[in-house]
Amino acid sequence: MLSYDELTSPERELWDAFPQGRRVDLRTGVPEDDCVTEGGQWDSARTVRAAVIVALLLGANAVQPGTVAGLRLAGARISGRLNLAGAQITYALWLEDCWFEESVDLLGASTQTLVITGSWVPGIEADSARVEGNLDLRRSVVESLTSSPFNHVSTALSLSDARVTGGMLLNGARINAPGGWAIAAGGLVMEGGVFCQGGFVARGQIRLMEAQLPRGLHMRGARLECPGPRGVALSLDHAVASTLNLSDGFIADGTVRLRGAQVSDKATFEGAVLNGPSDGDGPSLLGMLMQAVDFDFTLARPPSGTVDLRAAQVSYLHDNEHSWPDVVELDGFVYGSIKKVQSGERREATEGRESAASRVAWIRRSPGYSPQPYEQLANWYRTIGHDDDARRVLLAKQRHRRRSLSLSARIWGHLLDVTVGYGYRSWLAGVWLLVLTLLGTVSFGTHSPNPVQRGEGAPFQPLVYTLDLLIPIGGLGQRTAWYWTESSLQWLAYLLIAFGWVLTTTVIAGVTRTLQKN
């Protein structure tokens, strides 16, 4: 137990100020002397032992009635380890522009509002801690822990399974664990928002798997560098949040993982840059099974890695010319509406044939063939009344599928495509019928055929004769009544009979396919 006589001058000042919650400011007012990065050089006049802070927070100095006690300290060099593991702290802790000699241990602690701003800290371990109020680390630099029994990877800020009833304020902070975990906060439960803006930089992975963020994660303009293991910069796997704001200059030099994340309102990447892992071995965005109401993917430039949205579900998708890389995984991706952002305006992505063509090209960026992306796009076009575009998409689906078939099936597919457009362009059959009818009428009309039986049958009519050849069902009495001695015309007759059967078969097959699918 510390005695008052053992305390140094700045420690006595802090001790006396604690019962009234007065702030002790040890700063000189000279910017060069108060630079926190040089705090290790501060002398004893600015040094406070961590043991003194621990003693005060655990009730070593009696609190006077009618006052609100609290520890408020600025500009101090804190020597030793601030060990509050498992402590029940009923006072607020405010540390500003301080330099810590060793890490801060809040493992399993319960505390009031915790403020460490503008400071330099060699690691904060707060797994399973409970903060009744805000956790404020604005403008602080947090370095990775030298060792931790709970994290097998180098970690700077550890908040796994912690609970914060207020907000987490990291604006302007720098969290450094290059190649490791800048923030390890799996299972974190927040009641307020998480704010990583205003110049926030994380060097290492931010892990928020299964975190509960009812007031959202706000990372406008944040920069995530030196990703952690497997090139991951931000992991929100199975997290639940109201809002994900990764916009306005947000930069991730690694994979952003949203696998299974649930966003009840908006997930936005407007103006963001997703560089993906530097070695190219990994996606820029992994959003498998993600759910969001509004998904704004209007990036500042195309992602350098793949975008994986397999089995994701969003109500509204917003994209622009920079949204999609060369490879996009879309199998199972479900959306209710698509908005195209051009020149700052958001419009329904349904303008002309170019719209359908560009969307088909978007789907073709997926490796291999999958029918679902085509059917999803066609369903959306039908929903908004663009049936022609829906048919174009379904025709593109059949053409894509044809590449994966056997040679005989591909040949039959080409016949279906050329004659009736797989049933989505049945008018082509009428065009073919008209062309072949004109060909036969002109060819047969310039010659005279021979009757099968002289003096019997109707007079020769080139048009009716041609139609009789082309229509395989029934008969008009011309095909069986006349024949040709000229081989070229007889072969033309045979060809017209064959074309008639092909047209009839493809029309039936195409229409049947269309009716079955629609």
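The coordinates are above.
Each chain carries its own residue numbering, running from 1 in the direction its sequence is written. This being a predicted model, a pLDDT of at least 70 is required before a residue's local features are given, and a value of 80 or more before pairs of side-chain atoms are given or counted; all residues contribute to the totals for chains, interfaces and linings. Side-chain numbers come from the whole structure's heavy atoms, not from hydrogens or water.

Visitor: Is there a simple way to think about the packing of aromatic side chains in this case?
Guide: The description of an aromatic ring pair rests on the distance of the ring centres and on the angle between the ring planes. Note on aromatic contacts: the rings of Phe and Tyr and the six-membered ring of Trp form a pair at centre separations within 6.5 Å, being stacked when their planes are under 30 degrees apart, edge-to-face when over 60 apart, and tilted otherwise. Considering all chains together, one arrives at 11 aromatic pairs under this definition. For the ring pair Tyr335 and Trp362, a centre distance of 6.1 Å and an interplane angle of 50° mean the geometry is tilted. Note that Tyr335 is positioned in strand E35 (residues 334–342) and Trp362 in helix H3 (residues 352–363), a separation of 27 residues in sequence. Working definition: with a 1.4 Å probe on protein chains only, accessible area under 20% of the residue-type maximum means buried, over 50% means exposed, and in between means partly exposed. Overall, Trp362 belongs to the buried group, its relative accessible area being 4%. What links up through ring pairs into an aromatic cluster is the set Phe269, Phe295, Phe297, Trp324, Phe333, Tyr335 and Trp362. The rule for a charge over a ring is simple: NZ of Lys or CZ of Arg within 6 Å of the ring centre, and within 35 degrees of the ring normal. One Lys or Arg, Arg46, reaches over the ring of Trp42 and ends 3.8 Å from the middle of that ring. Cation over ring: Arg359 sits above Trp362, and NZ or CZ is 5.2 Å from the ring centre. Secondary structure follows DSSP: runs of H or I at least 4 residues long count as helices, runs of E at least 2 residues long count as strands, and numbering of each begins at the N terminus.

Visitor: I keep staring at the pattern of salt bridges and nothing clicks. Help me out?
Guide: The term salt bridge refers to a side-chain nitrogen of Lys or Arg lying within 4 Å of a carboxyl oxygen of Asp or Glu. With the rule as written, the count across this model stands at 22 salt bridges. Note that Arg46 is salt-bridged to Asp34, the shortest N-O span being 3.0 Å. With Arg46 in the loop between strand E1 (23–25) and strand E2 (47–49) and Asp34 in the loop between E1 and E2, this pair connects stretches of sequence that are 12 residues apart. The same class applies to Arg46 as to Asp34, namely buried. The salt bridge involving Asp319 is made with Arg359; its shortest N-O contact spans 2.8 Å. Within this pair, whereas Asp319 is found in strand E33 (residues 313–319), its partner Arg359 is found in helix H3, the two being separated by 40 residues in sequence. One network of salt bridges, with partners in common, ties together Arg23, Asp25, Arg27, Glu96 and Asp97.

Visitor: In this structure, what is going on with the nonpolar core? I would like to understand it.
Guide: Where a protein is soluble and globular, its nonpolar side chains tend to be buried together. Grouped together as the largest cluster of nonpolar side chains are 115 residues, with contacts concentrated most on Leu73, Phe200, Met219 and Phe269. The leading source of residues in this core is helix H2 (residues 50–57), at six residues. For the purposes of this section, nonpolar cores are sets of buried Ala, Val, Leu, Ile, Met, Phe, Trp, Tyr and Cys residues that join through side-chain atoms within 4.5 Å. If you look at the next biggest cluster of nonpolar residues, it comprises 12 residues, including Tyr465, Leu469, Leu470 and Leu489.

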